[in-house]
Structure formats: C-alpha cells, structure tokens
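Listed below are the residues making up each chain.
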Amino acid sequence: MKERIENEMKLEFASKATNESFARITVAAFASQLDPTIEELADIKTAVSEAVTNCIIHAYENKQGTIKINAQLKENQIIIQISDNGKGIENVDIAKEPLYTTKPNLERSGMGFTIMESFMDSMKVESIVGLGTKVTLIKTIKKQEEKEKEDEIVSLTKE
Amino acid sequence: MESKFYEDNKLLVFKITDEIDDCSVQKIRRRADYEIERYMPKKVIFDFNSVTFMDSAGIGLIIGRYKFANMLGGKLEVANLTQNVKKIFEMSGILKLIPVTQI
Ligand SMILES: Nc1ncnc2c1ncn2[C@@H]1O[C@H](COP(=O)(O)OP(=O)(O)OP(=O)(O)O)[C@@H](O)[C@H]1O
Ligand SMILES: [Mg+2]
C-alpha cells in the first residue's frame with residue numbers, strides 16, 4: 001500500500017474573476033496527489049469555484065480584495081479553507097438555503113452553498129459581518145482498493 | 001461558443017466550447033441574447049458536449065436564456081449533458097422546466 005503523506009499549501013490572490021479558474025485548477029492539481037477519480041476531481045473544482053466566486057461577487061462586490069486558500073492533505077482527506085476579508089454574511093443559515101441569493105438581478109441562482117455541501121463531504125461556513133467569511137470544505141478520496149472493490153460489486157450485480 | 005441557425009425549422013443551436021463560470025458567462029450570455037433577438041428562433045438548443053467545466057453560473061445562464069427565448073415566443077432545450085453538468089442541473093431543479101433533447 002502506498003503511504004499517505006501529509007501535505008499543505010497556501011494560496012493568496014487578488015479578487016478578480018479571471019482568477020476563478022486559476023484557483024480551482026491549482027487546488028485540483030494539489031488534490032491529485034490523493035489519486036482521485038475524474039469525478040472526484042470535478043467535484044473539488046466545482047466546490048472551489050463556488051467558494052471563490054462568492055468571495056469575488058458577494059464579499060468584495062467586484063472591488064479590490066484578497067482571497068486566501070489553505071489546503072491540507074491528511075491521510076486520504078483534503079481539507080480546503082477559502083477565506084476573504086469582505087463584507088461578511090448576516091445570517092449564515094439563511095444564506096445556505098437552496099435558491100437563496102442576494103443578487104438575483106445578476107442571474108445568480110442561489111445554489112452555490114448547496115453545490116459545495118453536496119459535492120464535498122462537509123462544509124462549514126464562519127462569518128462575521130464587516131470582517132469576512134471562511135468556508136471549510138472537506139472531502140475524503142476513496143482509496144484505490146475500495147474503488148476496485150466497489151467496481152467488483154457493481155460488475156457482480158450486473159451479471 | 002459556436003452557433004448555427006437552421007432557417008427551415010427556425011432552430012438555433014449554441015455549442016458551448018468554453019468553461020462556464022462567473023468569469024466566462026457574461027460573454028456567452030451577450031452573444032446568445034444577441035443571436036436569439038436577431039433570428040427569433042422557434043427553438044433554441046444549448047449543446048454541452050464540449051463543456052469541460054461548469055459551476056452554478058451555468059444555472060443562471062440557462063434560466064436567463066430560457067426566459068429570454070420564451071419572451072420572444074421560442075422554446076429552449078439542452079443537449080449532450082456531461083456527468084458534471086447533469087448533476088448541477090438536476091440539483092437546481094431546472095430539468096423539470098427545460099427538456100433534455102438529442103442532437
Ligand atoms: N463570501 C461571502 N461573503 C459575503 N456574502 C456571501 C459570501 N458567500 C455567500 N454569501 C451570501 O450568501 C448567499 C448565497 O450564496 P450562494 O453561493 O449559495 O448563492 P449565490 O452566490 O447568490 O448564487 P450562485 O452561487 O448560485 O450563483 C449570497 O447571495 C450572498 O448573499
Ligand atoms: Mg454563489
């Protein structure tokens with residue numbers, strides 16, 4: 001069995017829409033050390049994209065600001081923290097509800113938090129109005145043996 | 001994004017070839033609205049075959065074009081949804097409103 005080493009990376013970048021793809025691709029490249037499937041990697045990319053986009057359009061409202069990402073690998077888990085020093089969220093429970101958006105005029109759908117929650121294993125949102133927001137996303141990447149076992153079961157049940 | 005208008009059946013097909021996020025969506029939206037207004041199609045189809053990435057920006061994009069096409073008397077459908085795109089659309093509930101078609 002391959003040893004899972006612990007690892008960490010930090011990223012700091014300007015709050016600009018052009019950095020959305022940079023951020024998700026960088027985190028995905030880091031996560032690839034855990035041997036995720038294409039689907040698991042797509043899930044991570046989408047969740048990071050949602051969190052970073054929220055910083056740009058809600059926290060800083062397209063004004064200047066800095067976004068920070070910290071990612072850690074622990075055994076077969078990736079823990080991603082995305083934080084801003086923007087306007088903050090008054091009521092996090094309401095903000096997390098599906099279809100809730102404060103920017104419907106910009107064709108936002110209010111699905112960002114719902115997507116993060118369902119594409120990752122867990123999501124935590126901490127926010128202080130006027131100070132900023134921190135989103136913590138965790139996903140466990142299944143070990144290769146478990147994936148193979150699942151594939152076996154699927155092929156057995158198909159026979 | 002590539003587009004093709006079929007005069008005979010007034011069908012306008014958009015093939016999205018970019019990643020769909022908050023950054024890219026504005027350009028796609030402007031181009032799509034411009035062509036919908038120009039051709040006044042009976043049906044608009046968005047082809048997702050070449051979409052390598054999409055986040056929630058894609059939901060707003062499709063609902064927005066659905067409303068715009070409707071306002072001008074046309075219908076809207078989506079085609080060739082990749083696994084990731086399908087998951088996001090299903091979660092948002094828009095597939096109850098917008099048919100998935102074959103092209
Ligand atoms: N980093 C943040 N700073 C301040 N407010 C935020 C932040 N993230 C989210 N919010 C608030 O929470 C609401 C819900 O966020 P969510 O991502 O679920 O939906 P949305 O961004 O409005 O739409 P979508 O993500 O579907 O395009 C936002 O409308 C905004 O009011
Ligand atoms: Mg969002």
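Residues numbered from 1 in each chain as written. Chains lettered and ligands numbered in written order. Predicted model: local features only at pLDDT ≥ 70, side-chain atom pairs only at ≥ 80, totals over all residues. Heavy atoms only, no water.

Focus on the overall build of chain B
- If you tally the helices and strands in chain B, you get 3 helices and 5 strands.
- Counting from the amino terminus, helix and strand elements in chain B follow one another as β-β-α-β-α-β-α-β.
- Taken against the 2.2 N^0.38 rule, which gives 13 Å for 103 residues, the C-alpha radius of gyration of chain B at 12 Å falls within 12% of a compact globule.
- Projected onto its principal axes, the C-alpha positions of chain B cover 35 × 25 × 25 Å.
- Taking all 103 residues of chain B together, 50% fall into the buried category.
- Carbon and sulfur atoms form 48% of the exposed surface of chain B, whose accessible area is close to 5,200 Å².
- Distance between charge centres in chain B, computed from 16 positive and 14 negative side chains, equals 4 Å. (Helix = DSSP H or I, 4+ residues; strand = E, 2+ residues; numbered from the N terminus. Rg over C-alpha atoms; globule rule 2.2 N^0.38 Å. Buried < 20%, exposed > 50% of the residue type's maximum accessible area, 1.4 Å probe, protein only. Areas by Shrake-Rupley, 256 points an atom, 1.4 Å probe, with all protein chains shown as cover. Lys, Arg positive; Asp, Glu negative; His and termini not counted. Charge placed at Lys NZ, Arg CZ, Asp CG, Glu CD.)

Examining the packing of aromatic side chains
- Using the criterion set out here, one finds 4 aromatic pairs over all chains in the structure.
- When the ring of F14(B) is compared with that of F46(B), the centres are 5.1 Å apart and the planes differ by 25°; the resulting orientation is stacked. Note that F14(B) is positioned in strand 2 (residues 11-15) and F46(B) in strand 3 (residues 43-47), a separation of 32 residues in sequence.
- By relative accessible area, which is 0% here, F46(B) ends up buried.
- Sitting above the plane of the F53(B) ring, R24(A) keeps its charged end 3.8 Å from the centroid. (Phe/Tyr/Trp six-rings, centres within 6.5 Å; stacked < 30°, edge-to-face > 60°. Lys NZ or Arg CZ within 6 Å of the ring centre and 35° of its normal.)

A closer look at the nonpolar core
- Formed by 36 residues in total, the largest nonpolar core has its most connected members in I44(A), V52(A), I69(A), I80(A), I82(A) and L137(A).
- Looking at this core, the element that brings in the most residues is helix 2 (residues 38-59) of chain A, giving 9 residues.
- Setting aside residues no more than four positions away along its own chain, I80(A) makes contact with V27(A), I44(A), V48(A), I69(A), N70(A), A71(A), M120(A), V135(A), T136(A) and L137(A).
- Among the nonpolar cores identified, the runner-up in size contains 32 residues, and I36(B), L76(B), V85(B) and I98(B) belong to it. (Core = buried A, V, L, I, M, F, W, Y, C linked by side-chain atoms within 4.5 Å. Contact = heavy atoms within 4.5 Å.)

Here we look at the interface of chain A and chain B
- Across the contact, 24 residues belong to chain A and 21 residues belong to chain B.
- A combined buried area of about 1,800 Å² lies between chain A and chain B, and 51% of that area is made up of carbon and sulfur atoms.
- The three residues of chain A that bury the most area against chain B are R24(A), E107(A) and F119(A), which together make up 29% of that side's buried surface.
- Note that R108(A) and D22(B) form a salt bridge whose closest N and O atoms lie 3.6 Å from each other.
- In this structure, the connection of chain A to chain B is made through 11 residue pairs in polar contact (both at pLDDT 80 or more). (Buried area = accessible area lost by both parts, 1.4 Å probe. Salt bridge = Lys/Arg side-chain N within 4 Å of Asp/Glu carboxyl O. Polar contact = N/O pair within 3.5 Å; in protein donor to acceptor, adjacent residues only side chain to side chain.)

A short note on the site of ligand 1
- Lining the immediate surroundings of ligand 1 are 19 residues, of which H58(A), T101(A), T102(A), R108(A) and M111(A) lie closest.
- Mapping the residues adjacent to ligand 1 onto the chains of the assembly identifies chains A and B.
- A distance of 2.8 Å is found between an oxygen atom of ligand 1 and a side-chain nitrogen or oxygen belonging to S109(A).
- The side chain of S56(B) places a nitrogen or oxygen atom 3.2 Å from an oxygen atom of ligand 1.
- Protein burial of ligand 1: of its 600 Å² of free accessible surface, 97% is covered by the chains.
- Take the shell around ligand 1: its biggest share by element is 4 residues, from helix 2 of chain A. (Near = heavy atom within 4 Å.)

Section: the pattern of salt bridges
- For the structure shown, the criterion picks out 15 salt bridges over all chains.
- Between R65(B) and E107(A) there is a salt bridge; the shortest N-O distance is 2.5 Å. Separated into two different chains, R65(B) in helix 2 (residues 57-71) and E107(A) in the loop between helix 3 (92-96) and helix 4 (112-119) make up a pair that spans both.
- Overall, E107(A) belongs to the partly exposed group, its relative accessible area being 21%.
- One salt-bridge network, held together by shared partners, links E39(A), D43(A), K139(A) and K87(B).

Comments concerning the confidence of the model for chain B
- Within chain B, residue pLDDT values average 96, and 100% of them lie at 70 or more.
- The ipTM value of the predicted complex is 0.93, and its pTM value is 0.93. (pLDDT = per-residue confidence, 0-100.)

Here we look at helix 1 (residues 19-31) of chain A
Residues and elements named next belong to chain A.
- Taking 1.5 Å per residue, 13 residues should reach 18 Å; helix 1 reaches 18 Å between its end C-alpha atoms and fits that length.
- All buried positions along helix 1 are accounted for by N19, E20, A23, R24, V27, A28, F30 and A31.
- Structurally, helix 1 contributes buried residues whose contacts are with strand 1 (7-14), helix 2, strand 2 (66-74) and strand 3 (77-84). (Expected span 1.5 Å × (residues − 1).)

A short note on the side chain of S15(A)
- Its place among the elements puts S15(A) in the loop between strand 1 and helix 1.
- Beyond its immediate chain neighbours, meaning those up to four positions away, S15(A) contacts C55(A), I56(A), Y60(A), K63(A), G65(A) and I67(A).

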